[in-house]
Amino acid sequence: MNEIDIVRAVIEEGYQISPQAVELIKLSNSPESLLKYILSTIDDCVFVIEPEHVDLKGFEASKTVSRIISGTSSGTVSQMAPGKISSPALEPADSHMIKAFDSALVALKEPGTFSSVKPDMVSSAEVSDSKPETKPYILSSQGSDSIPDSDSISDSIPDSDSISDSISDSISDSISDSISDSISDSISDSISDSDPVSDSVPGSLSNPVCPSASSRSVDKPASSFFGHAVSPSTSNRASREDSLFSNHGNSFPSSSRDEEVRRLPGRNPVTVLSDITGHSTCVGEYMQFVQYFRDRYSRLSEIIRSRMNARPIESLKRRSFRRGSDGNTEEISIIGMVSDISTTTNGHKIFSIEDPTGSFSVLIRNSDKELFELASRLLLDEVIGVTGSVTNDGKLMLATKLLQPDVPNSVQRRTGSHGKAVLISDVHVGSSQFLEDSWLDFLDFLKGESDSEDMREIAAQVRYLVVAGDLVDGIGIYPDQEMELDILDVYEQYRKAAEYFREVPEHIHVIISPGNHDAVRQAEPQPALPERICADFPANVTFVGNPALVDLDGVRILIYHGRSIDDLVASVPGVSYQEPAGAVLEMLKRRHLAPTYGSRVSISPEKKDYFIIDPVPDIIHTGHVHTLGVQRYKNVLLVNSGTWQAQTEFQKRVNLMPVPARVPVVDLADFDVKILAFD
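The structure displayed is predicted, hence computed values, not measured ones. (Residues numbered from 1 in each chain as written. Predicted model: local features only at pLDDT ≥ 70, side-chain atom pairs only at ≥ 80, totals over all residues. Heavy atoms only, no water.)

Engineer: Describe the overall build of the protein, listing the residues and the values that go with them.
Structural biologist: For the protein, the count of helices and strands is 16 helices and 22 strands. In the protein, which comprises 679 residues, the proportion classed as buried is 56%. Taking the intrachain contacts of the protein between residues at least 6 apart in sequence as the baseline, contacts between residues at least 24 apart amount to 71%. About 28,200 Å² of surface is accessible on the protein, with carbon and sulfur atoms providing 47% of the total. (Helix = DSSP H or I, 4+ residues; strand = E, 2+ residues; numbered from the N terminus. Buried < 20%, exposed > 50% of the residue type's maximum accessible area, 1.4 Å probe, protein only. Contact = heavy atoms within 4.5 Å. Areas by Shrake-Rupley, 256 points an atom, 1.4 Å probe, with all protein chains shown as cover.)

Next up, the structure:
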């Protein structure tokens, strides 16, 4: 196994690795087995595998335990029970599945004791042969460019006692009671303190996180969004040998602390109003997906309910509808989440919506041009209100009106602030296409050292610099990325970025949010960059998550890197990469930054849906697509900043022309925008 094979295997699992660690693995007696052991036992908070993570003693101990359990050491293990634990038996056939099953089930911490078993290393079918076989409820991500490492969530998991009993039955009486007790304790601990499970994208920077799901990937029964039933059918991923097993109780893990507003006073104060950092609760349980969708439906339906008198879907199936003097059935309104969209043979639109009480089908005639066009822009999982009449059989609604949450016409623009905010994104430090000369000119502008007097006058009024993700280019984001990097170490990339930001005048408050190229989990919402990276930056830099709602001395800015723009370009007619503000407008109409769950954007099912746009901000700042766009909608300013990276080979293949070194500068008093060019 050479260096390239090691690096590629690590990247496929969503990690990075230092050259020193690669050398240690390569020089070992069995590099492939050692690498699998490292990937299966590494702590979830680790991002880059360093030499200290190459635990040779633990690896040797795990091999010893593996030989004992499999019976290779004579006289130590009695005949295994039918449900025996065997490392080779658990090896999945799919190369994208979790490869932790090759390593030992347990590893010695020190003589006489065993370390904890990671939850994703044990299948209930393998551990307990007395447990009836249950069909897992599959929640699968269908991103077009990714295959998740693990795709199924089981309906049940045996308790620690049953696991302990099953293992005890399969181990010979010659093994001491203390070892058996240690196994029982470690498995019990691993269940009660289970780590987040993974749906990381191969080749991404992220550590494993909670799996992403799509409403299109399962045959959902009525109200499957809201947990009333579990579909008996599964996707084709059910044929895979391994599953993610979770506790399916109705309790949810509490956050480490209640979410609080974070105030950063000073000459240019910042208040962080909403941010996932430090508040993630995701462990991948089925009920967490239910709670996530319930929170989305509850909050968005309340917005719509203030504008229409809606009734529960269940009530439509229990009553007959009166006809007026003109012979038409009375019109009623319902609110639901879109769960299916299709086109009839006659060209009409038909879709299903769900609320916590049930599901109902809605038909939009193609003769109603305006309504049909609106229906053609509907997205899966968005929450809408529908008004119409129900057919005589009570099974279909003929819609006459569709209502999205949208921004009210009465939204007021804030006034009273002063100064300017500079909005940038997609710096991509470390890329060979990074436009360093243009960037240095930009830094000179911020320092008031421009040749132009007008530029110096603008610079003197700058109070804030907001970066909406992709501060560095990262490593392993896409195939052969290393061919387009000047800095091959991700930490070196951040150190170089910190060096640049130390040039920003101290009075300018810098706010940095991560993106999909940054060293945080791939699933959104993303927490702020880790402390190890933040420590290199100056004191005037504040790190927030993605998305994050911040208040800049009275002006609310919603910062979102913009990964969901990819979904909107693919799904909504008329939305394009060349006019990215149009995609942000579609988000605003739906009052949600990532309406469709489980497409290109991997979303962690948190207790709170951090993508809901509530309250309505003054400015929405996005990036990601490397093109510039500015638009106003009902007193909300939409800004998609460009990039500081020239066209890459990947962008050439997809015919994307970036707009680099263009900087939107927003006047916080009247929201006037000037675009400054540094190319």
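Engineer: So what's going on with the sheet that holds strand β10 (residues 383–390)? Residues and values would help.
Structural biologist: One closed barrel holds the 5 strands; their spatial order is β7-β8-β9-β11-β10, and the pairing between them is mixed. Strand-to-strand, the axes of this sheet are offset by a mean angle of 55°, without reference to chain direction. Here strand β7 (residues 331–343) pairs with strand β8 (residues 349–355) via 6 bridges, running antiparallel. Bridge pairing links T343 to K349 in β8. Helix α8 (residues 286–305) contacts β7, β8, β10 and β11 (396–403) of the sheet and is inclined by roughly 135° relative to β7. (Pairing = 2+ DSSP bridges. Axes fitted to C-alpha atoms, helices over the stretch in contact; angles between N-to-C directions.)

Engineer: Which residues make up the sheet that holds strand β21 (residues 662–667), and what are the values?
Structural biologist: In spatial order, the strands read β15-β14-β13-β12-β21-β22; together these 6 strands make up an open sheet with mixed pairing. Edge positions in the open sheet fall to β15 (541–543) and β22 (673–677), since each of these has one partner strand only. Taken pair by pair, the neighbouring strands of this sheet meet at an average axis angle of 25°, ignoring direction. As defined by bridge partners, β21 adjoins β22 across 5 bridges and the pair is classed as antiparallel. Note on β22: the bridge partner recorded for V663 is L676.

Engineer: Tell me about the nonpolar core, and name the residues and values.
Structural biologist: Judged by nonpolar contacts, the single largest core of 47 residues is most densely connected at F442 and L465. If we ignore the near neighbours within four places in the chain, the residues touching F442 are V422, I424, L465, W644, V663 and F678. Judged by nonpolar contacts, the second largest core, of 42 residues, contains M308, V411, L585 and V616. (Core = buried A, V, L, I, M, F, W, Y, C linked by side-chain atoms within 4.5 Å.)

Engineer: Talk me through the pairing of strand β20 (residues 636–640); I want residue IDs and the actual numbers.
Structural biologist: Remember that side chains alternate between the two faces of the sheet whenever the strand is regular. Counting buried residues in β20 gives 5 out of 5 residues, a clear majority hidden from the surface. Here β20 shows a buried face lined by V636, L638 and N640 and a second buried face lined by L637 and V639. Looking at chain direction, strand β18 (residues 619–622) and β20 are connected through 4 bridges and run parallel. Residue pairing for β20: T622 is matched across the bridge by N640. Two strands pair when backbone bridges link them, and strand β19 (residues 629–633) and β20 are joined in this way by 5 bridges, in the antiparallel orientation. Residue pairing in the sheet places R632 in a bridge with L637 of β20. The antiparallel pairing of β19 with β20 creates a hairpin that spans 2 residues between the two strands, and K634 there sits at a positive phi of about 50°.

Engineer: A description of unusual backbone geometry should follow, citing residues and the corresponding values.
Structural biologist: Omega for the peptide link from E524 to P525 comes to 0°, which places this bond in the cis form. By the element assignment, P525 lies in the loop between β14 (509–513) and α13 (531–534). Put simply, N546 and P547 share a cis peptide bond, and its omega is 0°. By the element assignment, P547 lies in the loop between β15 and β16 (548–552). Even without a glycine there, the phi angle at H428 is positive, about 60°. Structurally, H428 can be placed in the loop between β12 (420–424) and α10 (436–446). We classify H428 as buried; its relative accessible area is 1%. Unlike most non-glycine residues, D480 shows phi in positive territory, near 60°.

Engineer: Describe the side chain of T596, with residues and values.
Structural biologist: When you line up the elements, T596 lands in the loop between α15 (580–590) and β18. According to the relative accessible area criterion, T596 is buried, its value standing at 9%. Of note is the side chain of T596, whose polar atom sits 3.2 Å from the backbone oxygen of L380. (Polar contact = N/O pair within 3.5 Å; in protein donor to acceptor, adjacent residues only side chain to side chain.)

Engineer: Outline the environment of S333, supporting the account with residue identities and numerical values.
Structural biologist: Here S333 shows up in strand β7. Classification of S333 by relative accessible area gives buried; the value is 10%. For the pair formed by S333 and V386, sequence separation is 53 residues and the distance between their alpha carbons is 5.5 Å. Residues contacting S333, with those up to four places away along its chain left out, are M308, N309, A310, R311, V386 and T387. Among the polar contacts made by the side chain of S333, one reaches the side chain of T387 at a distance of 2.6 Å.

Engineer: Could you give an account of α15, naming the residues involved and the relevant values?
Structural biologist: Side chains three or four residues apart in an α-helix point the same way, a direct result of the helix having 3.6 residues per turn. Buried residues dominate α15, accounting for 9 of its 11 residues. Restricting attention to buried positions, one finds in α15 the residues P580, A581, A583, V584, L585, E586, M587, L588 and R590. Residues of α15 that are buried sit in contact with α8, α14 (565–571), β18, β19 and β20. Taken from the residues just after α15, R591 is the one with a positive phi, measuring 55°.

Engineer: Outline the packing of aromatic side chains, supporting the account with residue identities and numerical values.
Structural biologist: For the structure on display, the rule yields 20 aromatic pairs. On the basis of an interplanar angle of 50° and a centroid distance of 5.7 Å, the ring pair of Y37 and F59 is categorised as tilted. In this pair, Y37 sits in helix α3 (residues 31–41) while F59 sits in helix α4 (residues 56–70), placing the two residues 22 residues apart along the sequence. For the pair shown, Y37 and F59 are each scored as buried. Each ring, one from Y560 and one from F611, has its centre 6.2 Å from the other, and the planes form 85°; the classification is edge-to-face. With Y560 in the loop between β17 (555–559) and α14 and F611 in the loop between α15 and β18, this pair connects stretches of sequence that are 51 residues apart. Of the two residues, Y560 and F611, both sit in the buried class. Taken together, the aromatic side chains of F434, W439, F442, F445, Y500, F501, F537, F543, W644 and F678 make up a single cluster linked through ring pairs. (Phe/Tyr/Trp six-rings, centres within 6.5 Å; stacked < 30°, edge-to-face > 60°.)

Engineer: Report on the pairing of β21, specifying residues and quantitative values.
Structural biologist: Buried residues dominate β21, accounting for 5 of its 6 residues. Bridge count between β12 and β21: 3 bridges; the pairing is antiparallel. Bridge assignment links K420 to a residue of β21, and that residue is D667.

Engineer: Give a detailed account of the environment of P530, specifying residues and quantitative values.
Structural biologist: Within the secondary structure, P530 sits in the loop between β14 and α13. Accessibility expressed as a relative area gives 36% for P530, which makes it partly exposed. Between the alpha carbons of P530 and A519 there is a distance of 8.0 Å; along the sequence they are 11 residues apart. In this structure P530 touches A519 and V520, once residues within four positions along its chain are discounted.

Engineer: Any chance you could break down a negative patch on the surface for me, citing the residues and the numbers?
Structural biologist: Together, E436, D437, D441, D451 and D486 give the surface a local cluster of negative charge. Topologically, D486 is positioned in the loop between β13 (462–468) and α12 (490–501). For D486, a relative accessible area of 58% gives the class exposed. (Patch = residues over 30% accessible without salt bridge, like charges linked within 9 Å, V, L, I, M, F, W, Y side chains within 5 Å. Salt bridge = Lys/Arg side-chain N within 4 Å of Asp/Glu carboxyl O. Lys, Arg positive; Asp, Glu negative; His and termini not counted. Charge placed at Lys NZ, Arg CZ, Asp CG, Glu CD.)

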